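Here's the letter readout for the chains.
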Amino acid sequence: RAEAALEEARRAGGRRIFCSADSAADSWAEMAAALSAGEFTVVYQPIVDLRSGRVTGAEALLRWARANGTRVSPVDFIPRAERSGFVTELGRFVLETAGREAASWPVPAKITVNVSGRELHQPGYYDQVAATLMTTGLPPERLVLEVTESMLEADSPVALTTLRRLRALGIRIAVDDFGTGWSSLSRLDRLPADVLKIDQSFVAAIAPEATSAPLIAAITALAAALGLRTVAEGVEEQHQATVLARHGCEEVQGWLYGRPGDSASIRAALRRHVATDAPVPGEPLRP
Ligand code: C2E
Ligand code: MG
Ligand code: MG
Ligand code: MG
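Thresholds, definitions, all that
Residues numbered from 1 in each chain as written. Chains lettered and ligands numbered in written order. Predicted model: local features only at pLDDT ≥ 70, side-chain atom pairs only at ≥ 80, totals over all residues. Heavy atoms only, no water. Donors = N, O, S within 2.8 Å, 3.2 Å for Na, K, Ca; no water. Helix = DSSP H or I, 4+ residues; strand = E, 2+ residues; numbered from the N terminus. Buried < 20%, exposed > 50% of the residue type's maximum accessible area, 1.4 Å probe, protein only. pLDDT = per-residue confidence, 0-100. Contact = heavy atoms within 4.5 Å. Near = heavy atom within 4 Å. Polar contact = N/O pair within 3.5 Å; in protein donor to acceptor, adjacent residues only side chain to side chain. Areas by Shrake-Rupley, 256 points an atom, 1.4 Å probe, with all protein chains shown as cover. Nonpolar A, V, L, I, M, F, W, Y, C, P; charged D, E, K, R; others polar. Axes fitted to C-alpha atoms, helices over the stretch in contact; angles between N-to-C directions. Parallel < 35°, antiparallel > 145°, perpendicular 65-115°, else oblique. Left-handed = near helix turned anticlockwise from the far one by under 90°. Core = buried A, V, L, I, M, F, W, Y, C linked by side-chain atoms within 4.5 Å. Expected span 1.5 Å × (residues − 1). Arc of directions from axis to C-beta.

**Q** What is the right way to read the coordination of the magnesium ion (ligand 3) from this model?
**A** Taken together, the protein donors to the magnesium ion (ligand 3) comprise Glu59 (OE), Glu59 (OE), Glu146 (OE) and Glu233 (OE), at separations of 2.3 to 2.8 Å. In the primary sequence, the donor residues of the magnesium ion (ligand 3) line up as E-x86-E-x86-E. The two metals, the magnesium ion (ligand 3) and the magnesium ion (ligand 2), are separated by 3.2 Å and share Glu146 as a common coordinating residue. With a gap of 87 residues between them, Glu59 in strand S2 (residues 55–65) and Glu146 in strand S5 (residues 143–148) connect regions that are remote in the sequence. Glu146 matches Glu59 in its accessibility class, with the two residues each being buried.

**Q** When you look at the confidence of the model for the protein in this model, what are you seeing that I'm missing?
**A** Predicted coordinates in regions of low pLDDT should not be interpreted in detail. Predicted confidence across the protein gives a mean pLDDT of 89, with 87% of residues reaching 70 or more. Low confidence marks residues 13–19, where pLDDT is under 50. Its contacts with residues over four positions away, or in another chain, come to four contacts. Contacts for the low-pLDDT stretch residues 279–287, under 50 throughout, to residues beyond four places or in other chains number 19 contacts. Scoring the predicted complex yields pTM 0.90 and, for the interface, ipTM 0.98.

**Q** Hey, could you run me through the site of ligand 1 in this one?
**A** Around ligand 1, 22 residues are found, and the nearest of them are Arg63, Asn114, Gln200, Glu236 and Trp255. Between ligand 1 and Glu59 there is a distance of 3.3 Å, counted from an oxygen atom to a side-chain nitrogen or oxygen. For ligand 1, whose unbound accessible area comes to 800 Å², protein coverage reaches 82%. Among the secondary structure elements, those contributing two or more residues to the shell around ligand 1 are S2, helix H3 (74–84) and strand S6 (172–178). A breakdown of the residues in the shell around ligand 1 according to their chemical character gives nine nonpolar, six polar and seven charged.

**Q** What exactly am I supposed to notice about the coordination of the magnesium ion (ligand 2) here?
**A** Around a metal, the ideal angle is 109.5 degrees if four donors adopt a tetrahedral arrangement and 90 or 180 degrees if six donors adopt an octahedral arrangement. Within the protein, the atoms that donate to the magnesium ion (ligand 2) are Asn114 (OD1), Glu146 (OE) and Asp176 (OD), at distances of 2.0 to 2.2 Å. The motif formed by the donor residues of the magnesium ion (ligand 2), counted along the single chain, is N-x31-E-x29-D. The exposure class assigned to Asn114 is partly exposed, which follows from its relative accessible area of 31%. On the accessibility criterion, Glu146 (1% relative accessible area) is buried.

**Q** Which parts of the structure should I look at to understand the packing of helix H6 (residues 125–136) against helix H8 (residues 157–168)?
**A** Relative orientation and spacing of two packed helices are given, respectively, by the angle between their axes and the distance between those axes. In contact at an axis separation of 9 Å, H6 and H8 are set at 25° when each is read in the N-to-C sense. The orientation of H6 relative to H8 falls into the category roughly parallel. Note on packing geometry: the crossing formed by H6 with H8 is right-handed. Between H6, through Tyr125, Tyr126 and Val129, and H8, the contact on the second element is made entirely by Thr162, Arg165 and Leu166. In terms of residue class, the contact of H6 with H8 is built from four nonpolar, one polar and one charged.

**Q** It is not clear to me how the nonpolar core should be interpreted in this structure. Could you clarify?
**A** Note that soluble globular proteins tend to have their nonpolar side chains buried in a common cluster. Core analysis: the largest hydrophobic core is formed by 72 residues, its most contacted members being Ile111, Leu143, Leu145 and Leu244. Here this core gets six residues from one element, more than from any other, and that element is helix H4 (residues 87–103). When sequence neighbours within four positions are dropped, the list of residues in contact with Leu143 reads Leu95, Ile111, Val113, Val129, Leu133, Leu138, Ile171 and Arg172. Among the nonpolar cores identified, the runner-up in size contains five residues, and Ile47, Val144, Ala174 and Val231 belong to it.

**Q** Looking at this model, I keep getting lost on H8. Mind explaining?
**A** Every α-helix winds through 3.6 residues per turn, so residues three or four apart in the chain are directed the same way. Given a rise of 1.5 Å per residue, 12 residues ought to cover 16 Å, and the 16 Å separating the end C-alpha atoms of H8 matches this to within 8%. Residues Ala159, Leu160, Thr162, Leu163 and Leu166 constitute the buried set of H8. Seen along its axis, H8 keeps its buried residues to an arc of 160°; they face one direction. The exposed set on the far side of H8, more than 90 degrees from its buried face, consists of Pro157 and Ala168. Tucked inside the fold, the buried residues of H8 contact helix H5 (117–120), H6, S5, helix H7 (149–153) and S6. Near the N-terminus of H8, the side chain that reaches the backbone nitrogen of Val158, with its oxygen 3.3 Å away, is that of Ser156. Within two residues after H8, Gly170 carries a phi angle of roughly 110°, on the positive side.

Here's what the structure looks like:
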């Protein structure tokens, strides 16, 4: 496909057209080679129940380490992959890898997978997810698909229908980076979602001496009114966890609880929490 894209770019002639089409084809070809060379891997970051301290699951995050040892951040390569279209291949790889991984975990915890806008808007996405559940043996109730608020703003009927069908199957939908977009309240009310992920910028903004955080209070209240759960991202400090608990946030993820790690590390985290029922540092403040 990369070759075909290159060929098409050449045929298009004109220097300017050639350049932009060529770079998309180059980007596709480079990532396709990297994927088959095993340069892409999936890491897992624990997600923790704030009240009980139990690990409830993990988020799958893609990593790219080039053969020469340099690492490329997903913040750089995901947008490039979106432009070239290769993100659908990466998405398939992550869903299959993470699905297989979670299906063989020692406990039936949830696995969260990021979905790109390109994937969600393509008509065959529902079938792809359903087929992956079949081949990996992962029950739909254990899969959480993470979409961003901005993806839903495009108001695509295909995306909304896909989300509704996925939910009907038992898959949960999480809205990531919540609060950074411009969703209207009327749209939120119709959102086919189960979880709101509180963006890490709101968590980072909690001052060390703060006893409350108005925006986090507003988001958790909104979520409760809509019947959605809340998961906060980027929790690095104990005082942030304390304020989140006070405002009724249910689950957390961040360096305070664990960095993204390989298959062995997430398995160990799941086993440890089942074995000891260890509480998270910091008391839950809600009755
Ligand atoms: P995201 O979905 O919001 O993922 C959370 C990001 O926060 C991850 O960055 C994670 O490593 C980071 N993080 C977790 N805990 C902390 C913390 O305590 N402090 C700070 N400062 N950061 C924390 P990462 O892995 O670099 O991924 C960045 C973004 O790239 C993700 O944001 C997601 O939008 C995208 N991405 C990553 N993997 C995939 C993938 O498989 N598919 C797609 N479509 N996008 C992906
Ligand atoms: Mg995400
Ligand atoms: Mg995330
Ligand atoms: Mg996020």
